[in-house]
Amino acid sequence: MNEQTLYRLRDILQSTALASEEAGLLILLLLVWARHASPGLEISPQQLVKELEGLADSHPVLAYTFTGRGLLRHVTPATLALAVEVIEAGRSEKTDADQVLADLPHLLGLTFTCDPSLPSLLAALADAQPGELVYLPWDETGQLGAVFAAGGADVVAEVPSQPVIATLISMLHRKPWRIEQVNPITDRGTRERPDPPYDIAAAIPPLGQRIDMQWLDRAVPGRFPERTSSGTVLAVRQLLAVTRARIVIAVPNGLLFSSGAENNLREDLLRRGLLRAVVALPGGLLSGTSLALTVMVIDQAGGIDAVRFVNADTQRFKKVVSRTRSALTDPRGLASLCLSETEDPDVVSVSVQDLLKNGAQLQVNRYVLPQAIARAQAILATVKTVKLEELVEFLRAPPITGEADAASDGEIENEMSTVVREVGASDLPKFGFVTTPGRRVLVGPSAVNDQALRRGDIVLVVKGSVGKVGIVSAHVDADDTDLWIASQSAIVLRVRDPSRMDPRALFMQLRSPLGQQLLKGIVSGATIPLIQLKELRKLPVIAQDLPTQQRATRALEEEADLERQITELREQQAFQTASLWQLV
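Residues numbered from 1 in each chain as written. Predicted model: local features only at pLDDT ≥ 70, side-chain atom pairs only at ≥ 80, totals over all residues. Heavy atoms only, no water.

With that out of the way, let us pick up the sheet that holds strand β3 (residues 178–181). The 9 strands lie next to each other as β3-β2-β1-β4-β5-β7-β6-β8-β11, forming an open sheet whose pairing is mixed. Whereas interior strands pair on both sides, the edge strands pair on one side only; in this sheet they are β3 and β11 (347–351). Across the sheet, the mean angle from the axis of one strand to that of its neighbour is 15°, orientation sign disregarded. Pairing of strand β6 (residues 275–280) with strand β8 (residues 306–311) involves 4 bridges; the strand directions are parallel. Pairing of V278 across the sheet is with F309, part of β8. (Pairing = 2+ DSSP bridges. Helix = DSSP H or I, 4+ residues; strand = E, 2+ residues; numbered from the N terminus. Axes fitted to C-alpha atoms, helices over the stretch in contact; angles between N-to-C directions.)

Here is the structure:
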């Protein structure tokens, strides 16, 4: 059976009253029935319906979906018979049955699926041998189970909801696996380690899963040292507790850099020598989201003193399927590269010692650098540098209490709030100084004493349009209008000693191609790009000598003068046609 047969079946059943998801489930049920039916069997449409109902009733999970909800009654016997004819015609097509089963949920458009290349990658990284016991929590679609069972492993899957899709996929496989309806964290986290433990575990935990922290009081003592609601952190801890050899888990990128419980987990994995590889994946592998995941390979044997970082988010390893979907081109080859010691431009090995010195940061783009960032760091290695925190103090913007234009006169007159002008990313010019702030907003009256922008303050965007930078002109202090503040997505860099570093020279360095690449090198963020303050503090900048600073400041002043001239010329242009054919 190939994709065209599946598409024909989907077209037949979607022409009925069934929703797309229901049509996909019914196709799986028909395939299960056909697998056990004799080829060429002639059966009346009415008898077919009875046999399908009997098949569904034989399994508690299927009974509720197909007979309890009356799903089979939404399709006429004639339509079901037509679908069986298509299945019979597809029996003669030579295909890789194991691969088709891994693809089925995805091809049928069922929910919570992933591109089949992702399970293939996880299975190749896990390297389970025939007969090994493999644990697959959250395998709702059976895609992981199909791949691991095809390799001869003994599979156990656990899912918190009714495993209808996984059950049907398992029934289609030549080596069905055990599926239990339990929550892999809250149900299993209160039980002792299974005996024997699982040899291998592979998982794609639900994104954004949060667990009630009161449940931790009932968990096995010591299993979850981080008191957190993060489902990802707790998932990793649970897999560590029940697996003997290797764990392969796809996680959101926030686990790689976030502080708190995530940081404690990363440090523990590194100090115990358990983390073998970190693989950055392209976005678009999961249905319904473009969020990119990262795969962590954990070896329980320990003793690992260097972690292998692999960037698979490149044209070399991925292909675009549609505007929102992508696939891995060679999962097995990628896995082989991850687990080997082969040198490669998309791979970097970093010692555990260096990783711990770097705050246990595990973002792949921190170590597998684009050529431009690598060149920038090579330049820094040849000159004297200082940490940014040695030159500047960092000021956060005060919290905004409202829009000034929408505030009542009494609210402002009673000094409940102060009107200020906010400088955001769109107000930072490409050349010269910041001359025009944006919207008028309200802040608390005590909030602007030190946080109001001053001459020479550098505004750096650290969330969203990260790296965009501007410098406040000398005219802001002389303004007799509203005070200026930085936006909530920015941070203010205020030079401590202008005699050591002219703020204009520092700004020009940060805005330069060199400075921008260095800033890109510390960007993190799972969905929205951001620069963490602790990383910004340690950013190396060139310790400019006086002649260099003078050249930089002259260039900025000349640039600003040209901007003023351009503005004046634009005003003259507008004046030339101001009186022609106006509406008023």
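Take D457: it is sitting in the loop between β16 (440–443) and β17 (458–461). A relative accessible area of 2% means that D457 is categorised as buried. A polar contact is formed between the side chain of D457 and the backbone nitrogen of R454, at a distance of 2.8 Å. Among the polar contacts made by the side chain of D457, one reaches the side chain of R494 at a distance of 2.8 Å. Look past the residues within four positions of D457 in its chain and what remains in contact with it is A452, G470, I471, V472, V492, L493 and R494. (Buried < 20%, exposed > 50% of the residue type's maximum accessible area, 1.4 Å probe, protein only. Polar contact = N/O pair within 3.5 Å; in protein donor to acceptor, adjacent residues only side chain to side chain. Contact = heavy atoms within 4.5 Å.)

With that settled, consider the packing of helix α2 (residues 20–36) against helix α9 (residues 164–172). Each pair of packed helices gets described by two things: the angle between the helix axes and the distance between those axes. The N-to-C vectors of α2 and α9 enclose an angle of 25°; their axes lie 9 Å apart at closest approach. With respect to α9, the axis of α2 lies roughly parallel. For α2 against α9, the interelement crossing comes out left-handed. In this structure, α2 uses E21, L25, L28, L29, L31, V32, R35 and H36 to contact α9, whose residues at the interface are V164, I165, L168, I169, M171 and L172. Here the residues of the contact of α2 with α9 are counted per class, giving 11 nonpolar, 1 polar and 2 charged. (Parallel < 35°, antiparallel > 145°, perpendicular 65-115°, else oblique. Left-handed = near helix turned anticlockwise from the far one by under 90°. Nonpolar A, V, L, I, M, F, W, Y, C, P; charged D, E, K, R; others polar.)

The next thing to look at is the nonpolar core. Counting 89 residues, the largest nonpolar core has L26, F66, L104, F148, L281 and V295 as its most contacted members. Per-element accounting of this core gives the leading share, 11 residues, to α2. Not counting the four nearest positions on each side in its chain, L26 is found in contact with L13, L18, F66, L71, L72, V75 and L80. Among the nonpolar cores identified, the runner-up in size contains 44 residues, and A235, L255, V278 and L362 belong to it. (Core = buried A, V, L, I, M, F, W, Y, C linked by side-chain atoms within 4.5 Å.)

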